[in-house]
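Chain residues, written in single-letter form:
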Amino acid sequence: MSLNQQNSYDLDTHVAEIYDQNETEITDVEFLKTLITGKDIRRILEPFCGTGRMIIPLAKEGYSIIGMDQAQGMLHLAQAKIQTLPEEVQKQVVLHHKDVTSEKWPTGFDLVILGYNCFYELATPDEQKFCVEQAASALNPGGYLFIDNDHMEGDLHPSWQDIGVIHKSISGHCNDGTYLENYRETIWVDVANRLARFRRRYVITFSNGEKKDYEFFQQKHPVSKVEVETWLEKHNFEILTVYGDYEGNPYHDNAKRAIFWARKL
């Protein structure tokens with residue numbers, strides 16, 4: 001199990017709902033479509049599938065997809081959205097409740113998606129490396145791996161190092177009128193090893209005025225480009241391209257993202 005044993009998205013159903021409202025990026029999905037078009041890709045696996053932001057549009061394109069997530073609250077929202085789709089599309093998607101940091105992944109896939117900063121849900125390089133190892137086992141020979149992270153080389157971001165300072169993060173109103181506030185406070189850093197630990201807090205105010213207050217702790221490790229390259233090479237991947245954005249421009253030192261497109265040898 002991950003060092004981050006408390007899953008914030010299962011604290012309350014409203015947490016997953018606010019996440020779903022705010023995480024609406026589609027440019028990465030469209031970019032991925034350009035990479036896989038014309039290739040012999042039929043079965044796709046997405047660990048950290050969340051509420052289905054990537055797998056649903058891919059299912060609509062006719063791909064057979066398995067989505068996995070540790071958060072049951074995220075999967076419930078994903079399933080609710082899938083059930084609104086045409087029956088032939090619904091049959092394309094299967095969701096699994098699974099801790100991807102400790103349990104074996106299914107096998108026989110042509111593409112594994114480790115997308116949109118999913119590595120930042122993980123506490124240590126070992127957990128991130130495990131995901132690359134499991135992706136290698138899950139893929140057929142010649143299968144593809146898509147890894148997409150913020151480009152965060154060098155020192156930890158200054159906002160991750162300001163111990164004791166409280167930052168307000170993604171907040172908002174849910175459909176039933178509930179208001180959720182999300183706060184983050186750095187409580188420990190290991191700059192040399194690029195680790196930060198946070199106290200996280202959700203304050204949920206229901207439409208009747210009742211409040212709930214949740215507190216938990218979370219550690220993050222912003223993965224580096226060199227780390228990903230090392231793990232891919234160790235697990236017999238050929239790195240085809242490293243992109244710096246969703247327009248397909250090459251990676252460079254000041255790129256916003258580090259997007260790996262790799263193939264299992």
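Residues numbered from 1 in each chain as written. Predicted model: local features only at pLDDT ≥ 70, side-chain atom pairs only at ≥ 80, totals over all residues. Heavy atoms only, no water.

Engineer: Describe the packing of aromatic side chains, and please don't skip the residues or the numbers.
Structural biologist: This model, assessed by the stated rule, comprises eight aromatic pairs. Arranged with centres 5.3 Å apart and planes meeting at 70 degrees, the rings of Tyr9 and Tyr19 form a pair that is edge-to-face. Placement of Tyr9 in the segment before helix H1 (13–22) and of Tyr19 in helix H1 is noted, with a sequence separation of 10 residues between them. The buried category is assigned to Tyr9, whose relative accessible area is 15%. On the accessibility criterion, Tyr19 (23% relative accessible area) is partly exposed. With a centroid separation of 6.4 Å and an interplanar angle of 50 degrees, the aromatic rings of Phe31 and Tyr246 are classed as tilted. Here Phe31 is found in helix H2 (residues 27–36), whereas its partner Tyr246 is found in the loop between strand E11 (237–243) and strand E12 (257–264), with 215 residues between them in sequence. Members of the aromatic cluster, each reached through a chain of ring pairs, are Phe31, Tyr243 and Tyr246. For the cation-ring pair, Lys39 lies above Tyr144, with the distance from its terminal atom to the ring centre recorded as 6.0 Å. Above the ring of Phe109, the side-chain terminus of Arg43 is found at 4.3 Å from the ring centroid. (Phe/Tyr/Trp six-rings, centres within 6.5 Å; stacked < 30°, edge-to-face > 60°. Helix = DSSP H or I, 4+ residues; strand = E, 2+ residues; numbered from the N terminus. Buried < 20%, exposed > 50% of the residue type's maximum accessible area, 1.4 Å probe, protein only. Lys NZ or Arg CZ within 6 Å of the ring centre and 35° of its normal.)

Engineer: If you had to explain the layout of surface pockets to someone new, which residues and values would you point to?
Structural biologist: Roughly 1200 Å³ of internal volume is contained in the largest pocket. Together, 49 residues line the largest pocket, and Tyr9, Tyr19, Asn117, Glu121 and Lys220 are the ones closest to its centre. If you list the elements that add at least two residues to the lining of the largest pocket, you get H1, strand E2 (64–69), helix H7 (158–161), strand E8 (179–190), strand E9 (195–205) and strand E10 (211–220). Among the residues making up the lining of the largest pocket, the classes are represented as 21 nonpolar, 16 polar and 12 charged. (1 Å grid on protein atoms, 1.4 Å probe; cavity = no way out; pocket = protein on both sides within 12 Å on 5 of 7 lines; lining within 4 Å. Points joined across faces, edges and corners; volume = space filled by probe spheres on them. Nonpolar A, V, L, I, M, F, W, Y, C, P; charged D, E, K, R; others polar.)

Engineer: Kindly report on the packing of H1 against helix H4 (residues 72–82), identifying the contributing residues and their values.
Structural biologist: Two numbers describe how H1 lies on H4: the axes approach to 8 Å, and their chain directions differ by 55 degrees. With respect to each other, H1 and H4 are oriented oblique. Regarding H1 and H4, the two cross each other, and that crossing is right-handed. Contacts between H1 and H4 pair Ala16, Glu17, Tyr19 and Asp20 from the former with Gly73, Met74, Leu77 and Lys81 from the latter. When the residues that make up the contact of H1 with H4 are grouped by side-chain class, the tally is four nonpolar, one polar and three charged. (Axes fitted to C-alpha atoms, helices over the stretch in contact; angles between N-to-C directions. Parallel < 35°, antiparallel > 145°, perpendicular 65-115°, else oblique. Left-handed = near helix turned anticlockwise from the far one by under 90°. Contact = heavy atoms within 4.5 Å.)

Engineer: Summarise empty space enclosed by the protein; cite the residues concerned and give the values.
Structural biologist: Applying the stated criterion across every chain, the model contains one cavity of 30 Å³ or more. By volume, the largest cavity amounts to about 30 Å³. Taken together, Asn149, Asp150, Val223, Ser224, Lys225, Val228, Ala258 and Phe260 form the lining of the largest cavity. Secondary structure elements with two or more residues in the lining of the largest cavity: strand E5 (139–150), helix H8 (225–234) and E12.

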